[in-house]
Amino acid sequence: MSRAHRLPSVGGGPGRGRDALETTGRVMTGGAVTMTETARPVRSLLRAGSRLPPVALDALLAVALFFVTVGLNGEVYQGPPVPLILYVALSAPLVWRRRAPLTVFCAVAAAAFVQWLIGLQLLTDVALLVALYTVAAHSTWRRTLMAGAILETGVLLASARWAAPHGAFLNSAVFLTTVAVAVAVIGVNTRIRRAYLASLEDRAVRLERERDQQAKLAVADERARISREMHDVVTHNLSVMVALADGAVFAQDRSPGKATAAMRQISGTGRQALTDMRRFLGLLRADEPDALRHPMPGIAQLGSLTDQMRAAGLPTRLDLEGDPIHVPAAAQLTVYRLVQEALTNALKHTTPGTRAEVRVRCAPEAVTLDVTDDGRPARTAGPSSGHGIPGMRERVAVYGGTLEAGPLPGGGWRVSARLDLSMAGEGAA
């Protein structure tokens, strides 16, 4: 900066001063470009070195340490020839420093102790610091302290032999100890950082695994929901349609009008089943007319359900108490499905002439229902699929409720359920 201020006065005018400044700027810019171009091969070498195996890198480190210290030691040491074996013994073990850190450190320390006994000062003793760093970075605290104690003993011995005669024992011991502690701290920090990164990677793997498991559980829940809905929609409507078709066959000769009404009921039931399945599978748009004519089943549709069951040959009486307006839509759908399943089982598995009764009580805190019939098991009834009652239990469990299903003492069957509306179960139906 001082040269730049003096430049205008050299040539006697400001013009030449500006030329000098521009020249200086070009020189500095050219130097920066030269340094950038020089750094590129270095970065290339570093990237190439990162792809080498660790043993190869350690071998290169040992070879470089050997030749550099041999050359430097030849310039500063003018004593008798140093045996080449000491250089090799101090640097060669570094090739295996990551495989056996403490063993390599002990081997280098032993070579340094032999050097101390002979009375030679070698710059290759830097290998002790490299070995100490490796122990601190790859071994436990106990081994690190052991290696540090051994190196500190060597520091005191070396200071006593070569620095004490010159009155610099304390300075030498403090300096060498500080360097050793700094190297050990760097190694420990490296080990801690590596362990922290490993824990982060492990946590990321566990989170990814948990995410996959949650996705699988969500898929399993969705499959269970689909199974329940398909069972309720298909089983109920097909059972009603089969019963109506049988009635139409018997009535077609004696009462054609009843047969016609039964066939129309079959047609309406089939359309209702298709609408329910389309809505359930998410294929029915909100702006379609069927969506308005066939709303989501709820307590208000229990009257139509009982009428349908009466038309199919199961006289059913409905007793509804309380205002269902405070019952959530999902809970109303659950009540509808429970009554539908119970009546469908009564229609399929009992003898003709069976009567059923449905009682539903709506309250702000809970909804209770009872479905009873007085029929006897039909001999021609097919085997149960086993999904009806378990599906009802799963629906009730969403609301923390209870379900009881079983035969009555005097004959017949009873299904009783209670849904706790205070439970957060609006997501499933």
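Our subject is the structure listed above.
Since the model is a prediction, treat every value here as computed from it, not as a measurement.

Participant: What should I look at first to understand the sheet that holds strand β4 (residues 402-407) in this one?
Facilitator: The pairing of strands in a sheet comes from backbone hydrogen bonds and takes either a parallel or an antiparallel form. Across the sheet, which stays open at both edges, the 5 strands sit in the order β1-β2-β3-β5-β4 with mixed pairing between neighbours. Pairing within the sheet leaves two strands with one partner each, and these edge strands are β1 (316-321) and β4. Neighbour to neighbour, the strand axes of the sheet diverge by 5° on average, direction disregarded. Examined bridge by bridge, β1 and strand β2 (residues 356-362) share 6 bridges and lie parallel to one another. Residue pairing in the sheet places Leu-320 in a bridge with Val-360 of β2. Where helix α11 (residues 302-311) meets the sheet, it contacts β1 and β2, and its direction lies at approximately 170° from that of β1.

Participant: Hey, could you run me through the pairing of strand β3 (residues 366-373) in this one?
Facilitator: Regular strands place their side chains on alternate faces of the sheet. Judged by how many residues are buried, β3 sits mostly within the fold: 7 of 8 residues are covered. Pairing of β2 with β3, which is carried by 7 bridges, proceeds in the antiparallel orientation. Residue pairing in the sheet places Ala-356 in a bridge with Asp-373 of β3. Here β2 hands over to β3 after 3 residues, the two strands then running antiparallel side by side. Pairing between β3 and strand β5 (residues 413-420): 8 bridges, direction antiparallel. Bridging across to β5, Asp-370 finds its partner in Ser-416.

Participant: Even after reading the chapter, I still don't get helix α4 (residues 84-91), so can you show me in this structure?
Facilitator: Along an α-helix, residues three or four apart share an orientation, since each turn contains 3.6 residues. Leu-86, Tyr-87, Leu-90 and Ser-91 are the residues of α4 that are buried. Along α4, the residues classed as buried sweep out an arc of 115° about the axis, all on the same side. Projecting away from the buried face of α4 at angles above 90 degrees are the exposed residues Leu-84 and Ile-85.

Definitions and limits used
- Residues numbered from 1 in each chain as written.
- Predicted model: local features only at pLDDT ≥ 70, side-chain atom pairs only at ≥ 80, totals over all residues.
- Heavy atoms only, no water.
- Pairing = 2+ DSSP bridges.
- Helix = DSSP H or I, 4+ residues; strand = E, 2+ residues; numbered from the N terminus.
- Axes fitted to C-alpha atoms, helices over the stretch in contact; angles between N-to-C directions.
- Contact = heavy atoms within 4.5 Å.
- Buried < 20%, exposed > 50% of the residue type's maximum accessible area, 1.4 Å probe, protein only.
- Arc of directions from axis to C-beta.

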